[in-house]
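Structural characterization, general
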Amino acid sequence: MTGSSPLPQSGSPGGSTSIWVIDQIESGVASIEVDGQTTISYPRSSLPKGVKEGDVLRVTIVADPAELAKRLAESAAQVARGGKGGKGNIKL
């Protein structure tokens, strides 16, 4: 997927789909081959239960504008509530 392509929206058909092959799992971290091109490290706890070395996963990523709007509203509310203006308890 190129940087100029918009992300598919949540609930829309399609999405950015990749094939993940679980290469190995060690110390709670999976080594995953993505689309036969690159390898990533991924937390075992974030994978589906029962996944083991050699399993193949189809992973689809879509944008979620509703969740984005919710998080932006929560952040704006937090800023509006204010605080101490960054006066922490750190002494240098």
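This one's a predicted model, so the numbers in the text were calculated from it and none came from an experiment.

1. As for the pairing of strand β1 (residues 16-26)
Direction of pairing for β1 relative to strand β4 (residues 56-61): antiparallel, over a ladder of six bridges. Each residue of the ladder has a partner; that of S16, found in β4, is I61. Here β1 pairs with strand β2 (residues 29-34) via six bridges, running antiparallel. Note that in β2 the partner of W20 across the bridge is V34. Hairpin geometry of β1 and β2 is characterised by an intervening segment of two residues between the two adjacent antiparallel strands and by a positive phi of about 55 degrees at S27.

2. Describing the side chain of S18
Within the fold, S18 resides in strand β1. S18 gets classed as buried once you look at its relative accessible area, which sits at 17%. A polar atom in the side chain of S18 sits 3.2 Å from the side chain of D35. If we ignore the near neighbours within four places in the chain, the residues touching S18 are V34, D35, L57, R58 and V59.

Rules used throughout
- Residues numbered from 1 in each chain as written.
- Predicted model: local features only at pLDDT ≥ 70, side-chain atom pairs only at ≥ 80, totals over all residues.
- Heavy atoms only, no water.
- Pairing = 2+ DSSP bridges.
- Helix = DSSP H or I, 4+ residues; strand = E, 2+ residues; numbered from the N terminus.
- Buried < 20%, exposed > 50% of the residue type's maximum accessible area, 1.4 Å probe, protein only.
- Polar contact = N/O pair within 3.5 Å; in protein donor to acceptor, adjacent residues only side chain to side chain.
- Contact = heavy atoms within 4.5 Å.

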